[in-house]
Amino acid sequence: MKEREQLNFVEAMKLASSRLFDFSGRSRRSEFWWWIVPVLLVNNIVSMFITNLWVSAVVSTVIMFFGLAATARRLQDTNNSALWVYVSYALGIIIQVFFASSETMTKLISMTQSGASEKALTKFVEKNVNELSCIGGISVAFCIVSLIVIIFCLLDSKAHANKYGDSPKYYEA
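Just so we're clear, the structure is a prediction, and the values are computed from it rather than from any experiment.

## Some words on the packing of aromatic side chains
Here is step 1: The final tally for this structure, using the stated rule, is six aromatic pairs.
Here is step 2: Each ring, one from phenylalanine 9 and one from tryptophan 34, has its centre 5.3 Å from the other, and the planes form 80°; the classification is edge-to-face. With a gap of 25 residues between them, phenylalanine 9 in helix 1 (residues 9-18) and tryptophan 34 in helix 2 (residues 29-49) connect regions that are remote in the sequence.
Here is step 3: Judged by its relative accessible area of 37%, phenylalanine 9 falls in the partly exposed class.
Here is step 4: Ring centres of phenylalanine 23 and phenylalanine 65 lie 6.4 Å apart, and the angle between their planes is 55°; on these two criteria the pair is classed as tilted. With phenylalanine 23 in the loop between helix 1 and helix 2 and phenylalanine 65 in helix 3 (residues 53-77), the pair connects residues that are 42 residues apart, well separated along the chain.
Here is step 5: Residue phenylalanine 23 is classed as partly exposed on the basis of its relative accessible area of 26%.
Here is step 6: Site record: aromatic cluster; members linked through ring pairs are Phe21, Phe23, Phe65 and Tyr86.

Encoded structure:
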């Protein structure tokens, strides 16, 4: 098996942007990383300037959608199911909705930013332990699934065709 040259930034951006809604097939690491890093940077930069939690949740969800297809194809290139990224994305949306709609989270953030005493924070947490535990549990699940997705995205392409198609990296000489 021979290996194709790694995609450069421009090639990767052209390829990934032309496959924005293509959730089938496979994508090489170079296509994925050259595409996903700018998507993440834009998401973080835009998020810094939005103060309304609902607007931030919607904008973040839309921006991250641009990385969804590339991530699905990257997982499939490593012979893993794209279901991993769909679960991660769904958990991320759930967390965004919880943060945007939860008066408890808004109050907790306000208390920590205003320098509330440890005693006041402890009392508040004890009073709202069920809601905070739920948000914490979903956040932990999101972190675990996201870590699995990242690890899968770091793996090399499978050299031979798999159920998702031919290898975009390797070819028969």
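## Here's the deal with helix 3
Here is step 1: Helix length check: helix 3, at 25 residues, gives a terminal C-alpha distance of 35 Å against a target of 36 Å (1.5 Å per residue), a fit within 8%.
Here is step 2: Maximal helix bending in helix 3 amounts to about 35°, located at phenylalanine 66.
Here is step 3: A side-chain oxygen of the first residue of helix 3 lies 2.8 Å from the backbone nitrogen of tryptophan 54; this N-cap is asparagine 52.
Here is step 4: A positive phi of about 65° marks asparagine 79, the residue just after helix 3.

## Re the environment of tyrosine 170
Here is step 1: Tracing the sequence through the fold places tyrosine 170 in strand 2 (residues 170-171).
Here is step 2: For the pair tyrosine 170 and glutamate 3, spaced 167 residues apart in sequence, the C-alpha separation works out to 4.5 Å.
Here is step 3: Those residues within four positions of tyrosine 170 in sequence are excluded, and the remaining contacts are Met1, Lys2, Glu3, Arg4, Asp156, Ser157, Lys158 and Ala159.

Criteria and cut-off values
- Residues numbered from 1 in each chain as written.
- Predicted model: local features only at pLDDT ≥ 70, side-chain atom pairs only at ≥ 80, totals over all residues.
- Heavy atoms only, no water.
- Phe/Tyr/Trp six-rings, centres within 6.5 Å; stacked < 30°, edge-to-face > 60°.
- Helix = DSSP H or I, 4+ residues; strand = E, 2+ residues; numbered from the N terminus.
- Buried < 20%, exposed > 50% of the residue type's maximum accessible area, 1.4 Å probe, protein only.
- Expected span 1.5 Å × (residues − 1).
- Bend = angle between axes of the 7 residues up to and from the residue.
- Polar contact = N/O pair within 3.5 Å; in protein donor to acceptor, adjacent residues only side chain to side chain.
- Contact = heavy atoms within 4.5 Å.

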